[in-house]
Amino acid sequence: MKKRTATTSLTWLALASVSLAAPAFADEDAALVVNGEIEMVTETEAPAHLDGALSTIRSGWTFRTSETQALQMDDFDNPAMVFVDQAAEAWNTADGSEGKSCASCHEGAETMTGLRASMPKWNEAAGEVWTMEMYINDCREKRMGAEPWGWKAQPMLNMTALIGAQSRGLPMNVAIDGPVQETWEKGKEIYYTRYGQLELSCANCHEDNYDNYIRADHLSQGQTNGFPVYRLKQANLIAVHNRFKGCIRDTMAETYSEGSPEFVALELYVASRGNGLTVETPAVRN
Amino acid sequence: MKLTKLTLAAALLAGPAIAEEIMPVDVAYVDGAIESSLTGMPGDAANAPAIMDKGAGNCIACHAVSALSDIPFHGEVGPPLDGAGSRWSEAELRGIVANAKMTFEGSVMPSFYKNDGFTRPGDGYTGKAASGPVQPLLTAQQVEDVVAFLMTLKDE
């Protein structure tokens, strides 16, 4: 029976290119330079830990139509920038019982440069892997005496976009060994688990079938270097855990929730698959 | 006389029993194929396009089918189904639709006539946990309708 798989696959690969009326392809060799100055790496050699599962890694930007791509090339066109501006204001606004703002401790947001490229990462004091949201809420609760923000709350989306944007153009470089290794392994296991009644893993869509159309959707490699991304469909920023949730839901499975240990582990693992791609936060998607 | 009556009674009883649906757990796969109809009756190809579009099958999400070209956006995760009725026997197609993993090991194609063995099965597309026993994606009748349609997809 296995023999058949090989033969059929060959036949249909040959057939697939002729019979489909697909939406306009983006120019795959187009270069992403933001504001005429930030040069992005949208395609590069896969990190060694992928062990040949992918030979090259590609930013989600390379899979979008030229119209959507263009929106990310200039901050004047990028609809996410209003949210970044809102966060810049929040950065300087005191909140909570201590009367402090982010700026009280960190000066300008540019002091966050490089952080997004290494996130999520090990938090020594907590003894676990932390995402950007967890660091932000830790500051709000412990240092500002303010209420934590929900993972999907607008101020949280905005702030992760502002902090992420400080690292634009820097290559993703999350650690996968040392204290984070166990979490990374857990994330990897989740990535390859076939969830739900459709029995599909992340890898089934984003490793085995990237560049193929599933209905009207052009499957990307599911990279996270642009998160939070602005989705035209939702007209808002989308956090990475929210995206994971949507993808698992679409396999007719019970999802995990934003901020769950499973999604933190998955975030680390998926981020590591993009090591070498540059941070594009906030990217634009359809 | 008596004998005839008995035979007749047996035949009457057996009639509905033969037409009874085979439940997902009772399906017998031979080399991936399912010999006889899951409903005991032939399917109706006319019902298939709706099932294969955004219906319970959603086959078009992954497969291109020229005969259904009025439906937009055919996917390319699986092979185009044109000529499937020439490449495969009816029993093989029934097996592929019911549980493609019996024919193609590890296939990404979902198993449409299976109701157990899932990891974190959800309540449809809600993202919540399944509230009761999982129903197969297609009914026995729907599987037969799709198979009947696939059999019409012959090489020119």
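Keep in mind that what you see is a predicted model, and the values were worked out from it rather than measured.

A. Up close: the overall build of chain A. If you tally the helices and strands in chain A, you get 10 helices and 11 strands. Expressed as a percentage of the 286 residues in chain A, the buried residues total 51%. Of the contacts formed within chain A by residues at least 6 apart in sequence, a portion of 68% connects residues at least 24 apart. Carbon together with sulfur atoms contributes 51% to the accessible area of chain A, which is approximately 12800 Å² in total.

B. Examining the overall build of chain B more closely. Within chain B one finds five helices and zero strands. Burial status across chain B gives 44% buried among its 156 residues. For chain B, contacts bridging at least 24 residues in sequence account for 56% of all contacts bridging at least 6. Looking at chain B as shown, the accessible area adds up to about 8200 Å², and 61% of this sits on carbon and sulfur atoms.

C. Layout of helix 4 (residues 90-99) of chain B. Where burial is concerned, most of helix 4 of chain B is hidden: nine out of the 10 residues are buried. Those residues of helix 4 of chain B that sit buried are B:Ala91, B:Glu92, B:Leu93, B:Arg94, B:Gly95, B:Ile96, B:Val97, B:Ala98 and B:Asn99.

D. Summary view of the nonpolar core. In terms of nonpolar packing, the biggest core is built from 36 residues, with A:Tyr191 and A:Leu266 touching the most fellow members. At the level of elements, strand 6 (128-130), helix 7 (181-191), helix 8 (202-206), helix 9 (240-249) and helix 10 (261-273) of chain A are the ones that each hand at least two residues to this core. Take this core: its biggest share by element is seven residues, from helix 10 of chain A. When sequence neighbours within four positions are dropped, the list of residues in contact with A:Leu266 reads A:Gly187, A:Ile190, A:Tyr191 and A:Phe244. Of all hydrophobic cores here, the second largest spans 35 residues; its members include B:Val65, B:Leu81, B:Leu138 and B:Leu150.

E. Up close: the packing of helix 3 (residues 81-91) of chain A against helix 6 (residues 154-165) of chain A. Residues and elements named next belong to chain A. Helix 6 packs onto helix 3 with a crossing angle of 95 degrees between their chain directions and a minimal axis gap of 8 Å. Overall, the two elements helix 3 and helix 6 adopt an arrangement that is roughly perpendicular. Across the interface between the two elements, Phe83, Val84, Gln86, Ala87, Ala88, Ala90 and Trp91 from helix 3 touch Gln154, Asn158, Met159, Ala161, Leu162 and Ile163 from helix 6.

F. View of the confidence of the model for chain A. Averaged over every residue, the pLDDT of chain A is 91; the share at 70 or more is 90%. Under a pLDDT of 50 for its full length, residues 1-23 of chain A has, in the predicted model, 31 contacts with residues more than four places off or in other chains.

G. Focus on the state of the cysteines. Residues and elements named next belong to chain A. Applying the stated criterion across every chain yields a total of zero disulfides over all chains. Sulfur of cysteine 102: no disulfide; nearest cysteine sulfur belongs to cysteine 139 and is 7.4 Å away. The cysteine cysteine 205 is free of any disulfide, with cysteine 247 supplying the nearest cysteine sulfur at 7.5 Å.

H. Representation of the packing of aromatic side chains. Residue and element names in this part refer to chain A. Applying the stated criterion across every chain yields a total of 10 aromatic pairs over all chains. Grouping aromatic residues by their ring pairs yields a cluster made of Trp184, Tyr191, Tyr192 and Tyr269. Positioned above the aromatic ring of phenylalanine 63 is the side chain of arginine 58, whose terminal nitrogen or guanidinium carbon lies 4.0 Å from the ring centre.

I. Fine view of the interface of chain B and chain A. Listed as interface residues are 48 residues of chain B and, on the opposing side, 36 residues of chain A. A combined buried area of about 3600 Å² lies between chain B and chain A, and 58% of that area is made up of carbon and sulfur atoms. Broken down residue by residue, the surface that chain B buries against chain A is led by B:Glu76, B:Arg120 and B:Tyr125, which jointly contribute 23%. Linking chain B with chain A are four salt bridges, by the criterion used here. B:Asp53 is the partner of A:Arg215 in a salt bridge, and the nearest nitrogen-oxygen pair spans 3.0 Å.

J. Fine view of the UniProt feature "binding site: heme c 2" (unreviewed entry) in chain A. Residue and element names in this part refer to chain A. Residues annotated by UniProt as "binding site: heme c 2" (unreviewed entry) correspond here to Cys202, Cys205, His206 and Cys247. Judged by maximum C-alpha separation, these annotated positions cover 46 residues in sequence but sit close together in space, the widest gap being only 10.7 Å. With respect to the helices, strands and loops of the structure, cysteine 205 is situated in helix 8. The exposure class of cysteine 205 is buried, given its relative accessible area of 18%. Residue position: histidine 206 is located in helix 8. With sequence-adjacent residues up to four places away left out, histidine 206 is seen in contact with Tyr191, Leu219, Ser220, Gln221, Gly222 and Cys247.

K. Inspection of the environment of A:Glu199 at higher detail. The topology assignment puts A:Glu199 in the loop between helix 7 and helix 8. Sequence separation of A:Glu199 and A:Ile248 is 49 residues, and the distance between their C-alpha atoms is 10 Å.

L. Layout of the confidence of the model for chain B. Residue and element names in this part refer to chain B. Model confidence for chain B is summarised by a mean pLDDT of 90, while 88% of its residues fall at 70 or above. Here residues 1-6 scores under 50 on pLDDT; set against residues more than four positions off or in separate chains, the count is zero contacts. On the interface metric, ipTM, the complex scores 0.90, and its pTM is 0.90.

Scoring rules and cut-offs
Residues numbered from 1 in each chain as written. Chains lettered and ligands numbered in written order. Predicted model: local features only at pLDDT ≥ 70, side-chain atom pairs only at ≥ 80, totals over all residues. Heavy atoms only, no water. Helix = DSSP H or I, 4+ residues; strand = E, 2+ residues; numbered from the N terminus. Buried < 20%, exposed > 50% of the residue type's maximum accessible area, 1.4 Å probe, protein only. Contact = heavy atoms within 4.5 Å. Areas by Shrake-Rupley, 256 points an atom, 1.4 Å probe, with all protein chains shown as cover. Core = buried A, V, L, I, M, F, W, Y, C linked by side-chain atoms within 4.5 Å. Axes fitted to C-alpha atoms, helices over the stretch in contact; angles between N-to-C directions. Parallel < 35°, antiparallel > 145°, perpendicular 65-115°, else oblique. pLDDT = per-residue confidence, 0-100. Disulfide = S-S within 2.5 Å. Phe/Tyr/Trp six-rings, centres within 6.5 Å; stacked < 30°, edge-to-face > 60°. Lys NZ or Arg CZ within 6 Å of the ring centre and 35° of its normal. Buried area = accessible area lost by both parts, 1.4 Å probe. Salt bridge = Lys/Arg side-chain N within 4 Å of Asp/Glu carboxyl O. UniProt positions renumbered as here; feature names shortened; annotations may be inferred.

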